[in-house]
Amino acid sequence: MAAALGEMAVIAHKFITSPQTSSSSFCNVIKLGTFCRTVVWPCLPPLMMYQYIRAKDEDMYATEVLYFKSGSKDSKAFYDTSRLNGSGHWRLQQDMETIRAAVNAE
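Residues numbered from 1 in each chain as written. Predicted model: local features only at pLDDT ≥ 70, side-chain atom pairs only at ≥ 80, totals over all residues. Heavy atoms only, no water.

Draft legend 1. The overall build of the protein chain, seen in detail. A count of helical and extended segments in the protein chain gives 3 helices and 0 strands. Starting at the N terminus and walking to the C terminus, you meet the elements of the protein chain as α-α-α. Looking at the 106 residues of the protein chain, the share that counts as buried comes to 7%. Excluding contacts between residues fewer than 6 apart, the proportion of contacts in the protein chain whose partners are at least 24 apart in sequence is 12%. Of the roughly 9200 Å² of accessible surface on the protein chain, 67% is carried by carbon and sulfur atoms. (Helix = DSSP H or I, 4+ residues; strand = E, 2+ residues; numbered from the N terminus. Buried < 20%, exposed > 50% of the residue type's maximum accessible area, 1.4 Å probe, protein only. Contact = heavy atoms within 4.5 Å. Areas by Shrake-Rupley, 256 points an atom, 1.4 Å probe, with all protein chains shown as cover.)

Structural data, given as structure tokens:
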């Protein structure tokens, strides 16, 4: 069992270090790392922010459509801006009310 684990460790080490066997492949590893550091990593934070904003916007749009189609005049029933940290969303309000009712049941 220990010999098999040792062999697996040796194979994993060879797999990781094999691109560095010749000088040309070692240079390719350096080029790939430089490319990732200068092109890929700087692009990730803006893409992540874009995805977050789109998801947030889609959620708010769905809330606005629901409010419009309901015919209600009370916008606080769908999104209450006076609540803390985004807990004003209608679904969160409903879930919190359900939990509150279950906890305070007598």
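Draft legend 2. Just a negative patch on the surface, in detail. On the surface, a cluster of negative charge is made up of D57, E58, D59 and E64. Structurally, the position occupied by E64 is in helix α2 (residues 23-70). By relative accessible area, which is 53% here, E64 ends up exposed. (Patch = residues over 30% accessible without salt bridge, like charges linked within 9 Å, V, L, I, M, F, W, Y side chains within 5 Å. Salt bridge = Lys/Arg side-chain N within 4 Å of Asp/Glu carboxyl O. Lys, Arg positive; Asp, Glu negative; His and termini not counted. Charge placed at Lys NZ, Arg CZ, Asp CG, Glu CD.)

Draft legend 3. Focus on a nonpolar patch on the surface. On the surface, a nonpolar cluster with roughly 780 Å² of combined accessible area is contributed by L32, F35, V39, V40, W41, L44, L47 and M48. Here L32 lies in helix α2.

Draft legend 4. Looking closely at α2. With 48 residues, α2 extends 68 Å between its outermost C-alpha atoms, agreeing within 8% with the 70 Å of an ideal straight helix rising 1.5 Å per residue. Immediately beyond the C-terminal end of α2, within one or two residues, lies G71, with a positive phi of roughly 80°. (Expected span 1.5 Å × (residues − 1).)

Draft legend 5. Main features of helix α1 (residues 2-17). Its 16 residues give α1 an end-to-end C-alpha distance of 22 Å, which sits within 8% of 22 Å, the value for a rise of 1.5 Å per residue. Counting buried residues in α1 gives 0 out of 16 residues, a small share hidden from the surface.

This is a description of form; function is not addressed.
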